[in-house]
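Each chain is listed here by its residues.
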Amino acid sequence: MATTTDPLTQRLRARLTKLSAPGRYRLLVHGVLWAALLVVLAPLVLAAIYSTQSASEIYQITNLLPGTQPLDNYTTVLFEYNFAQYMLNSLVMTTVVIVGKLTVSLLAATALVYYRFPYRNLVFYLILFTLLMPLPVRIVPLYQLMADLGWINTFAGLTSPFIASATAVFLFRQRFRSIPPAVIETARLDGIGPLRFLVYVLIPMSRGVIAGVSAVLFIGTWNAYLWPLVVIFERENQVAQVGLRFIQGVGSEGLIEWNLVMTAGVLVMIPPLVVLLVARKHLLSTLAST
Amino acid sequence: MSRVELNTLRKEFGETTALDGITLSVADGEFLVLVGPSGCGKSTLLRTISGLETQTAGDISVDGEIVNTTPPKERGVAMVFQNYALYPHMSARRNMTFGLGSHGSFTDDEIAQMVSEVAATLGIGELLDRRPGELSGGEKQRVAMGRALLREPELFLLDEPLSNLDAKLRDEMRTELTHLHDEIDATTIYVTHDQTEALTLGDRVAVMNNGQIEQVDPPQQLYDVPASQFVAEFIGSPQMNLFEGNVTATNGRLHVERGRFSTTVPGSPQTVDGGRFTVGVRPEDLYLADEAAGQQYSDPCELRVELSETLGDSVVLYATDGETTFRVRTGARQQFGTGDVVSVVADPERLHLFDTDTGVAVYHSGTGPPAARAVTRQ
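Residues numbered from 1 in each chain as written. Chains lettered and ligands numbered in written order. Predicted model: local features only at pLDDT ≥ 70, side-chain atom pairs only at ≥ 80, totals over all residues.

Quick look at the overall build of chain A now. When helices and strands are tallied, chain A shows 14 helices and zero strands. Sequence-ordered secondary structure for chain A, helices as α and strands as β, is α-α-α-α-α-α-α-α-α-α-α-α-α-α. By the compact-globule yardstick of 19 Å for 290 residues, chain A is too spread out, its C-alpha radius of gyration being 27 Å. Overall, the C-alpha framework of chain A stretches about 90 × 65 × 30 Å when taken along its three principal axes. With 290 residues in all, chain A has 29% of them scored as buried. Long-range contacts, defined as pairs at least 24 residues apart, comprise 78% of the intrachain contacts of chain A with a sequence gap of at least 6. (Helix = DSSP H or I, 4+ residues; strand = E, 2+ residues; numbered from the N terminus. Rg over C-alpha atoms; globule rule 2.2 N^0.38 Å. Buried ≥ 20, exposed ≤ 12 C-beta atoms within 10 Å, placed from the backbone. Contact = placed C-beta atoms within 7 Å.)

Turning our eyes to something else, we now look at the domain arrangement of chain A. Domain boundaries in chain A define domain 1 (9–50) and domain 2 (81–289). Computed over C-alpha atoms, the centres of domain 1 of chain A and domain 2 of chain A are 39 Å apart. (Domains from an automatic or database assignment.)

All names here are of chain B. Read across the open sheet, the six strands follow the order 13-12-11-14-20-21; overall the sheet is antiparallel. If you trace the sheet from one side to the other, it starts and ends with strand 13 (261–265) and strand 21 (361–364), each paired once. Across the sheet, the mean angle separating the axes of adjacent strands is 35° when strand polarity is ignored. Across three bridges, strand 20 (residues 351–355) lies against strand 21 in antiparallel orientation. If you follow Phe354 over to strand 21, its bridge partner there is Ala361. (Pairing = 2+ DSSP bridges. Axes fitted to C-alpha atoms, helices over the stretch in contact; angles between N-to-C directions.)

Contacts between the two partners involve 15 residues from chain A and, on the opposite side, 16 residues from chain B. Going through the elements one at a time, helix 9 (181–189) and helix 10 (194–205) of chain A are the ones with two or more residues in the side of chain A that touches chain B. It is helix 9 of chain A that provides the largest number of residues to the side of chain A that touches chain B, a total of seven residues. In terms of residue class, the side of chain A that touches chain B is built from ten nonpolar, two polar and three charged. (Nonpolar A, V, L, I, M, F, W, Y, C, P; charged D, E, K, R; others polar.)

In terms of nonpolar packing, the biggest core is built from 154 residues, with Ala264(A), Val33(B), Leu34(B), Leu157(B), Ala206(B), Val207(B) and Val344(B) touching the most fellow members. Setting aside chain neighbours within four positions, we find Leu157(B) in contact with Leu46(B), Ile49(B), Ser50(B), Val77(B), Met79(B) and Ile189(B). (Core = buried A, V, L, I, M, F, W, Y, C linked by C-beta atoms within 7 Å.)

Okay, the pairing of strand 12 (residues 253–258) of chain B next. Residues and elements named next belong to chain B. Bridging between strand 11 (residues 241–250) and strand 12 involves five bridges; their strand directions are antiparallel. Bridge pairing in strand 12 places Ala249 opposite Leu254. Direction of pairing for strand 12 relative to strand 13: antiparallel, over a ladder of five bridges. Looking at the pairing, Arg258 lines up with Phe261 of strand 13.

In this section: the domain arrangement of chain B. Residue and element names in this part refer to chain B. Under the domain assignment used here, chain B contains domain 1 (4–227) and domain 2 (230–373). Distance between the C-alpha centres of domain 1 and domain 2: 37 Å. Domain 1 puts eleven residues into the contact, and the matching count from domain 2 is 14 residues. For the side of domain 1 that touches domain 2, the secondary-structure elements that each account for two or more residues are strand 9 (204–209), strand 10 (212–217) and helix 7 (219–224). Of the residues that constitute the side of domain 1 that touches domain 2, the class distribution is six nonpolar, three polar and two charged.

Residue and element names in this part refer to chain B. Per-residue pLDDT for chain B has a mean of 87; in total, 94% of the residues score no lower than 70. Contacts from residues 371–378, a stretch scored under 50 in pLDDT, to residues over four places away or in other chains number 16 contacts. Scoring the predicted complex yields pTM 0.79 and, for the interface, ipTM 0.77. (pLDDT = per-residue confidence, 0-100.)

The subject of this paragraph is the sheet that holds strand 5 (residues 65–66) of chain B. Residues and elements named next belong to chain B. Here we have four strands laid out as an open sheet, ordered 2-1-4-5, and antiparallel in their pairing. Edge positions in the sheet fall to strand 2 (16–26) and strand 5, since each of these pairs with one other strand and no more. Along the sheet face, helix 1 (residues 42–50) touches strand 1 (4–13), strand 2 and strand 4 (57–62) and points at about 65° away from the line of strand 2.

This next bit is on unusual backbone geometry. Looking along the chain, the bond that leaves Ser237(B) and enters Pro238(B) is cis, with omega of -5°. Of note, the phi angle at Tyr119(A) is positive, near 60°, even though the residue is not glycine. Residue position: Tyr119(A) is located in the loop between helix 4 (83–114) and helix 5 (120–129). Its identity as a non-glycine residue notwithstanding, Asp63(B) has a phi of 55°, on the positive side. By the secondary structure assignment, Asp63(B) is in the loop between strand 4 and strand 5.

Residues and elements named next belong to chain B. Here Glu197 shows up in helix 6 (residues 195–201). Overall, Glu197 belongs to the buried group, with 24 C-beta atoms counted inside 10 Å. In sequence terms Glu197 and Asp171 are 26 residues apart; their C-alpha atoms lie 8.8 Å from each other. Glu197 has contacts with Leu162, Arg174 and Thr192, leaving out every residue within four places of it along the chain.

Residues and elements named next belong to chain B. Counting buried positions over the nine residues of helix 1 gives nine, a clear majority of the element. Every buried residue of helix 1 is accounted for by Lys42, Ser43, Thr44, Leu45, Leu46, Arg47, Thr48, Ile49 and Ser50. Looking one or two places after helix 1, you find Gly51, whose phi comes out positive at around 95°.

For chain A, the mean per-residue pLDDT works out to 87, and 93% of the residues sit at or above 70. Of all secondary-structure elements in chain A, the lowest mean pLDDT belongs to helix 2 (residues 55–58) of chain A, at 81, while helix 4 of chain A reaches the highest, 94.

Residue and element names in this part refer to chain B. Summarising the sheet, strand 1 and strand 2 pair through eight bridges and their orientation is antiparallel. Across the sheet, Glu5 pairs through a bridge with Ser25, a residue of strand 2. Here strand 1 hands over to strand 2 after two residues, with Gly14 in that stretch at a positive phi of 60°.

Moving on, we get to the packing of helix 8 (residues 166–177) of chain A against helix 11 (residues 207–222) of chain A. Residue and element names in this part refer to chain A. At a closest axis distance of 11 Å, the pairing of helix 8 and helix 11 adopts a crossing angle of 170°. The orientation of helix 8 with respect to helix 11, classified from their angle, is roughly antiparallel. Once helix 8 is placed against helix 11, the crossing between them reads as right-handed. Residues Ala168, Leu171, Phe172 and Arg175 of helix 8 form the contact with helix 11, whose own contacting residues are Val209, Val213 and Leu217. Classifying every residue of the contact of helix 8 with helix 11 gives six nonpolar, no polar and one charged. (Parallel < 35°, antiparallel > 145°, perpendicular 65-115°, else oblique. Left-handed = near helix turned anticlockwise from the far one by under 90°.)

Residues and elements named next belong to chain B. When you line up the elements, Ser298 lands in the loop between strand 15 (286–288) and strand 16 (301–310). As for Ser298 and Leu169, which are separated by 129 residues in sequence, their C-alpha atoms are 42 Å apart. Among residues more than four places away in sequence, those in contact with Ser298 are Phe261, Ser262, Thr263, Val345, Ala346 and Pro348.

Shown next as C-alpha cells:
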C-alpha cells in the first residue's frame, strides 16, 4: 500500500471535502448575487452621488466621491426649477387616477362576479383584450377624442384615460371568485344589496389585494410620461416625469447640468420607493395569488 | 314556525334535471332530514326552498302561501352552510348582527339583548369578540347557528352543517342540535349525506335519489320497511345484502330459494305470486348457525370467509358462496380467518323482496306488504 494514512488524517480529509463542496458553491452563488446587485444598484448610487456634486465636479468623469453641495442641488431643483410643483401635480394625478381606477374596477369586478347577465364572459375577455393595446397604440385616437371633448390641457384630459384598468379588474375578479359562494348567499338571504355587500364585505375581505393593486397602479401612473407630455402644454400643470426633461433642457450653451438632472431623478424615485416599501407584503401576495 | 308544502317541484340546469317532480310536505315544527348520495339534488332542493335558486316548475308554499317568486329574505328562512360562511373580517358578534336590520327594526339594546340570549343558548358568550380566524371549527359552526337563530326564522335550513367537523365534535353537535330543536321548535329542514345524522336527527327522513324522493318516513320505518332497493341499500351500515332468488307461492306461503339458501317466509302474503325477485336481508339478520340454535331460521348455508372486520361491539364477516359476497354481523370477540367456512342462517321474519326490474319493494316479511303500511312513494 502506497498511501497508508492514520485515522486522524483520514477524518480531516473527509471533513474538508465534505465542507468545501457546499462552501465553494455558496461562494459562487454569493458572487453572482453581488454582481447582479451591483448592476441594479450602480445607477441609483451614482445618481445619488451626482446629485450632491456641483456642475464642475460632475464633469470630472472620474470623480465618484460625494460632492461639495449635498443640499443645494435639491433646493435649486425643488424651488428654482419648480420641481416641487411638478411632484405635487404628479401626486394629485396619481391619487385621482388610483381612486378612480379602484372605484371603477371594484364595481366592474363585482358586476362580473355577482351578476348573471348575457355575454358576461365575453365582456370580461373584451376588457382583458384592451391589455393588448397599450397607450402608444391608441394615443392618436385618444388625443382626437380629448380634443373633441375639449379636454386637451386639462386635468380631466390628463387623468381620464387612465381611469379604466383591465389589470385591476382582472385581479379583483380573481379575488372575488375565491370568496366562498355561501358567504354571498348568506348576504342574499339577509337581503343585503350589492353595494352594501361590496362596501362591508368584499372590500374588507379584499384589503390585501386592493393594497397590492394600488401599489402597482401607483408606480405605473407615477411613471407616466408620454400622455402628460402630449396632453399638457402649460409647464405649471406638468407632472414630474416630464418636468425632469425640462431640467435637462434648461442648461445654457449646450451644457446640461447633470447634477440637477440626477437630483430630480432621485427625487422622482422616492415616492414609488416609499409605496413599494409600505406595500411590499401585499404586493407579493397579490401577484402570488393570481 | 311554519308548514312547508312542495308541489311537483322541478329544477333544471340546462340539460340536467336536478329536481324531478318533488312533492313533499313538512309539518309545523317538524325536523325533516333530506338524505341521499352526492348529486341527488338534496342541496338544490334546500336552496330552491330558500329562494337562492328559482324552480323551473312547481310550487312552494309556506303556511299555505305560495312563495315561488318571493325573494329569499322575505321567505323568513335562515340557512346554515357547511363551510359556515362567516365574514372573516368581522367579530363573531358582528357576524351575527350584520344584515339583521333588514329583518325588522331593532334598537341596539334589543339586538345586544338578543345576541347575548342566543350566545348563552349556544355557549358562545365568551367568543363574541373574536374573529372567525380565532375560532375552532365547532365554534364557527355555533356562531353560524347563532346567526341563523338570531333571525328568528319561520324555517331553518341546514346544509350539511356538521360535515366539516371531526367525528367527536360531530357527535356532540348532533346531540346539541336535537336539544336546540326541542327548545326552539322551529320547522327545520336538514340536508346531509350521512345516514347516522339522518336517522338520529330526523322526525322524518326523506331519501333522495336522482332528483326524486324515494321515501319519506320516520327513521325506524325507513330502516325496517324500505320502499325500494335504493333506500334499503342506502340506509343501514354495513349495507343490506341483496341477491336474486326464486320465490314460489304454494298454499299462500312464500318459499324463497337461491342455491343452497332456502326458507319459507312466515305469514301468507296475497300480493306476491312466484317468480324471480331481489331478496334483501340485513347483515344483522344473518346469524351463524351455532349462534341461532333453537330458532326457526332458514336452512343453513355454508359460506367461505373472505374478510372479517372488528367493530368492537360486533364483527362483520364478508363471506361468499362463490357467487355473492354476504355481509354477516356476528357477536363481538370472535376470531375468523380468511378461508374459514361458516354456516349461516337468515331470520325469515326479516326478509325483504324487491321487484328485480324496478327495485320497488313488494314484500317485507316482518310487516307485510308495503302497500298496507302506507309507504310514501313519489
